[in-house]
Structure formats: structure tokens, C-alpha cells
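# Chains, contacts and geometry: an overview
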Amino acid sequence: MLGLELVVALGIAVLVSFLAAPHVRIGAPLLLLGCGVLLGFVPAFREVELPSQVVLLIFLPALLYWESLTTSLREIRIHRARIILLSTVLVVLTAAGAAAAAHALGIPWGPAWVLGAAVAPTDATAVAALARMLPHHTVTLLRAESLINDGTALVVYAVAVGIVAGDGDYTPLSVSGLLLLSYTGGIAAGLLVAWLGIKLRRRVTDPLLNNVTTFLTPFTAFLLAEEIGGSGVLAVVVCGLIMSQAAPRVVSALARRQSRAFWSFSTFLLNGALFALIGIELHAVVRFHSGGDFAFGLLGVAVVSATILAIRFAFLLVTSYRFPLRSRGPSRKLQQISNRSWAVSGIAGFRGAVSLAAALGVPVLTMAGTPFPNRGFIIFVTAGVIVVTLTLQGPLLPLIARWARLPQDTALEHERKLAEVRATEDGLLAIPRLAAQLGTDEEIANRIVREYRHHLRVLRAEEGGTEEKPILQRRTQDQALRLALLVRKRTVILQLRDERTIDDRVLRLLEAHLDVEELRLTRPDYGE
């Protein structure tokens, strides 16, 4: 029963936090963290602990897959040099800096490196939740970094844990081999699963079975990569990026609608539940320390947090001159504003699920049967660093973003208009030929030609800025009337069902058609 109670409590926490966030002007992830802390005081949840395998096998594959599906591969290609630096060099420097800071506090080098590797990677889900107000290209860069840097950090973590636990004899050559295997194995597993997924989805025409394949894809990629020694995280990311390019050609419209609804809803719940679980887990973390140990742990949190933030700022400042985020505009002022984005990226280096899973995954005993040195300190400081990045850097991000005065993203809207005009023009030219091939009645073809021409006039009028107000007014009036008619249709159909004139199955069938029409009418681009 405890599991069911926890699920209900997490669901209520997600609902309350997202409803309250706009009113209290605090980010929903921070409220979820607070709700988790409060839930930890409930006697039934005091013993709840979040196993690292749960995070790695249940939460991460689903969340990372959705992030990969919805990110921009074009932006990743444009900024690939910067992303590679952030996900490799910066991770190693951060791990080394955090390890040096912990060692300066008296922690032996081995456990210090375990701690450094745990706090080194940024978290994709935290970035996605807290950095939404930033321009599109900045968010894409942050997400790409967070999606890829886990592979580097987890290899450093595994080596450090193995050395401390006496689980192997590591040399610089063997460590390089492990890092190479992590990346190549993860990429290979992602490519293989994506290829199999594309082949299977071409053959499975039933939308529900097609989405079963979609559901299994990230978990299969993760497990396969881990079995061959590769990075499961990288496998999921590679698979997701490939599927984002291939899916529009191999997936039907109905299957795509179902998939989008499923993944957006499930990842929304998983993401929210994860923040709340981190809050609950803080109670178990605090129990690792007491008295003088607790004060020493807080000192460790402060020192390590300041160290990783300073390293990130310094690295981004230096690399911003080598790889500037160039503005598409010719203005020098825009160029200077764009280069300020290093400060925004620096404050947006949030830590989250991967760091917590790594800390909780530290073994209790070494191979010799002795307690793993400083395990409690590692878990406590890692959890503390996560809390600091979410509660301090999270609220600071909007302030830094306003100071940076990053230019608004207008390219996407221009590209959308261009694509719509080109597609409509091509369709208008193709109507006579397609109508002849399909044997379409001339009256129907002429009506479609008139609709396409009207749509094209609307697009060109908006592009040129002429007659915009009358067009918007007509569109709004048309939308309002059609929605009002839908309400009347629903009322009549429900009345017929209540009078037992029609069956419930008929109601559901008609209701589904009305739902599709309502969704079409309420789309932001309706009438364009």
C-alpha cells in the first residue's frame, strides 16, 4: 500500500505545484522540491529511499528520449564544437575541481574524485524545466550539453569508485579505453536500436502497436548499451535524435498524435515526481550526518557548489571568445549581446537526477569488506549541491537573462511562414494534376483551389503587414462561431444519449470527431 500512497502523494504534489507556481511566482520545480521535503515529514514516507537503479532505468531513459525527440538537431550541428567541449573537457575540469575542493577539506583523493564525478554533469530535465524562458538556441545548447555530458561523468565516476573499492587496476590507457568504449558503445547501441525501430515501425501499421514499439525504444537502447559497456544515456540520446528525423516519414498521423500525447504527459509526470522524490530523499540524506558531521557537510556543500560554479563561469567565459554565439544580424550591438550568453549558460548549469543516482549508487562496502570511505559525505554534499543549484541558481536565471538582454528568437516564426507559403504554392500548382490522376470531380477541385488561394493570400498579407487587422478579426469571428456551433452539437448529441435515442458507442464516436474539430479550431495557427 505504501507504493500506491506514494504515487497518489506525488501526483497531488505535481498538481498543486504547477497550479500554485503562477500565483506565487516561484518555479514549479522548486515548489515540487519543497513539497517533497514536506512529504518526508509524513511518517509513512520517512523510510522512502530512491534506489539509484530506479532513476537510471525508469526515469532517465524516458526523460532523455523525449528531450532528444524535441530538441533541434540543426542547432546541435551548428554548435557541435562548443557542445563537445562542454560535455567532455568541462566535465573533467569540474570533477577535478570539486575533487580538489573536497580534498582541501580533508577528504582522501579517492572519495573526493567520486564526489567530483557525481556533481560534474548538468541535468537535462532540470534545464528543460527551469530554462524555458531563454531563447531557443540557448536552450538547445544547454539541453545538448546536458544530454551528452553524462557519458563522460559516469565513466570518471565508475573509475573512481572502482579504485576506491579495490575493484580493478586502472591506468591512464585503461581509463582512455573505458571512455572510448562508453562513447562508441553508446553511439553504436543507439544507432542499432534506431535502425531496428525504424524497420519495425514501417511494418507495424496499427497505431497502438506502433506506440508500443516507441515505448520500448529508449529502454532497449539504454539496456543494450549498458550490457556492452557503453553509455546508456548516450545511446538513448542518439536513438532519440535519429528517430526525430525518421519518424515523420515512417509514422502515421494517428500514431504520431498518440505518441506525442503519451510522451508529453508521461514525461511531465515523471519529471515532476522526480523533483518531489529528491525532496523526500533529502530526509534520508540528512540522517547520514548529525552534530559536527552535519556542519562539516554543509561546509562541503558550500565549498563544492562555489567551486563548480566558478569553474563553469571561467570555462564559458574563455570559450565564448573562441566559439562565440554569433548573432545572425549584422549589428555589432547584437553581437555583443549574444556573447553575454556565457553568463546565462553559466548560471543555468543545474544538477539533478544523474548526480543523485550516482551518489546513491556508491557501494556500502569495498571489495575488502570495509565500509566505503566517506560515503555519507558524498551523498550529503551531492544532494546539497542539487538543492543549491535548484533553489539559488534557478531564481537567479531570469534576472541574469534580463541583464544579458538576449535577442528574441524570430527566426523560427520566419521559417514557419516560409515553409507554409512554399507548401501552399506547391499544393496549388499540383491540384490539377492530382485531381486528374484521382478522377476528382471538377467542382471539388475548384473548391479546394479557392481555399488554397485564400490561404495563400492570408499568408502573403501577414508577411507584407497589409490588412492584418481585418484578417485577424475575421479569423477570430469565424473561430468563435464555429466553436459555438460545436457546443450546440455536443448538447444535442448528449441529449439524444440521455433520451436513449442513441447508444453510448455512437456518442463516443461522434464525440471523437467533435474533439478533433475543436482541437483544430483552437490551434494557435488556425486560419493561416
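These lines cover the structure that appears in this document, whether it is placed above or below. Predicted model only: the values in this text are computed from it and were never measured.

On to the overall build of the protein chain. The helix and strand tally for the protein chain stands at 22 helices and 0 strands. Each of the 528 residues in the protein chain was classed as buried or not, and the buried ones make up 47%. Long-range pairs, those at least 24 residues apart, make up 80% of the contacts in the protein chain with a sequence separation of at least 6. Within the structure as shown, the protein chain displays about 27100 Å² of accessible surface, and the carbon and sulfur contribution to it stands at 64%.

Let us now look at the packing of aromatic side chains. Applying the stated criterion across every chain, the model contains 6 aromatic pairs. Ring geometry for Phe-215 against Phe-219: centres 5.4 Å apart, planes inclined by 55 degrees, an arrangement best described as tilted. With a gap of 4 residues between them, Phe-215 and Phe-219 both fall in helix H11 (residues 207-227), about one helical turn apart. The exposure class of Phe-215 is partly exposed, given its relative accessible area of 36%. Aromatic pair Phe-215 and Phe-262: ring centres 6.0 Å apart, planes at 75 degrees, arrangement edge-to-face. Of the two residues, Phe-215 sits in helix H11 while Phe-262 sits in helix H13 (residues 253-286), which places them 47 residues apart along the sequence. A connected cluster of aromatic rings, assembled from ring pairs, spans Tyr-65, Phe-215, Phe-219, Phe-262 and Trp-263.

Here we take up the pattern of salt bridges. Counted according to the given criterion, the structure contains 6 salt bridges. Salt-bridge contacts for Arg-143 lead to Glu-67; the nearest nitrogen and oxygen are separated by 2.8 Å. Of the two residues, Arg-143 sits in helix H9 (residues 136-165) while Glu-67 sits in helix H3 (residues 52-69), which places them 76 residues apart along the sequence. The same class applies to Arg-143 as to Glu-67, namely buried. Note that Glu-451 and Arg-447 form a salt bridge whose closest N and O atoms lie 3.7 Å from each other. Here the residue Glu-451 and the residue Arg-447 both occupy positions in helix H20 (residues 442-464), the gap between them amounting to 4 residues, near one helical turn. The structure contains a network of salt bridges with shared partners spanning Arg-490, Asp-515 and Glu-518.

For Gly-34, the position within the fold is in helix H2 (residues 28-39). Residue Gly-34 is classed as partly exposed on the basis of its relative accessible area of 31%. Separated by 17 residues in the primary sequence, Gly-34 and Ser-17 place their C-alpha atoms 9.2 Å from one another.

Looking now at the side chain of Asn-271. Tracing the chain through its elements places Asn-271 in helix H13. On the basis of relative accessibility, which here comes to 12%, the residue Asn-271 falls in the buried class. Once residues within four sequence positions are removed from consideration, Asn-271 is found in contact with Leu-63, Thr-125 and Ala-129.

This next bit is on the environment of Asp-515. Relative to the helices and strands, Asp-515 is located in helix H22 (residues 504-521). Between the alpha carbons of Asp-515 and Arg-490 there is a distance of 9.9 Å; along the sequence they are 25 residues apart. A distance of 2.9 Å separates polar atoms of two side chains, one belonging to Asp-515 and the other to Arg-490.

Another point: the side chain of Arg-351. Relative to the helices and strands, Arg-351 resides in the loop between helix H16 (341-347) and helix H17 (353-360). The side chain of Arg-351 sits in the buried core without any salt bridge; Glu-145 is the nearest counter-charge, 6.7 Å away. One polar contact links the side chain of Arg-351 to the main-chain carbonyl oxygen of Ala-120, over a distance of 3.0 Å. A distance of 2.7 Å separates the side chain of Arg-351 from the backbone oxygen of Gly-349, its partner in a polar contact. Not counting residues within four places of it along the chain, the set of residues in contact with Arg-351 comprises Thr-94, Val-119, Ala-120, Pro-121, Thr-122, Asp-123, Ala-126, Ile-308, Val-385, Ile-386, Thr-389 and Leu-390.

Within helix H7 (residues 109-119), 8 of the 11 residues are buried, which leaves the element mostly enclosed by the surrounding structure. Regarding H7, the residues found buried are Pro-111, Ala-112, Val-114, Leu-115, Gly-116, Ala-117, Ala-118 and Val-119.

A separate point is the environment of Leu-38. The residue Leu-38 is located in helix H2 in this model. Along the backbone, Leu-38 and His-283 are 245 residues apart, and their C-alpha atoms lie at a distance of 9.7 Å.

At a closest axis distance of 8 Å, the pairing of helix H5 (residues 80-87) and H9 adopts a crossing angle of 45 degrees. With respect to their mutual orientation, H5 and H9 come out oblique. Taken as a pair, H5 and H9 cross one another with a handedness that is right-handed. Contacts between H5 and H9 involve Arg-82, Ile-83, Leu-86 and Ser-87 on the former and, on the latter, Leu-141, Ala-144, Glu-145, Ile-148, Asn-149 and Thr-152. Of the residues belonging to the contact of H5 with H9, the class tally is 5 nonpolar, 3 polar and 2 charged.

About the cut-offs
Residues numbered from 1 in each chain as written. Predicted model: local features only at pLDDT ≥ 70, side-chain atom pairs only at ≥ 80, totals over all residues. Heavy atoms only, no water. Helix = DSSP H or I, 4+ residues; strand = E, 2+ residues; numbered from the N terminus. Buried < 20%, exposed > 50% of the residue type's maximum accessible area, 1.4 Å probe, protein only. Contact = heavy atoms within 4.5 Å. Areas by Shrake-Rupley, 256 points an atom, 1.4 Å probe, with all protein chains shown as cover. Phe/Tyr/Trp six-rings, centres within 6.5 Å; stacked < 30°, edge-to-face > 60°. Salt bridge = Lys/Arg side-chain N within 4 Å of Asp/Glu carboxyl O. Polar contact = N/O pair within 3.5 Å; in protein donor to acceptor, adjacent residues only side chain to side chain. Lys, Arg positive; Asp, Glu negative; His and termini not counted. Axes fitted to C-alpha atoms, helices over the stretch in contact; angles between N-to-C directions. Parallel < 35°, antiparallel > 145°, perpendicular 65-115°, else oblique. Left-handed = near helix turned anticlockwise from the far one by under 90°. Nonpolar A, V, L, I, M, F, W, Y, C, P; charged D, E, K, R; others polar.

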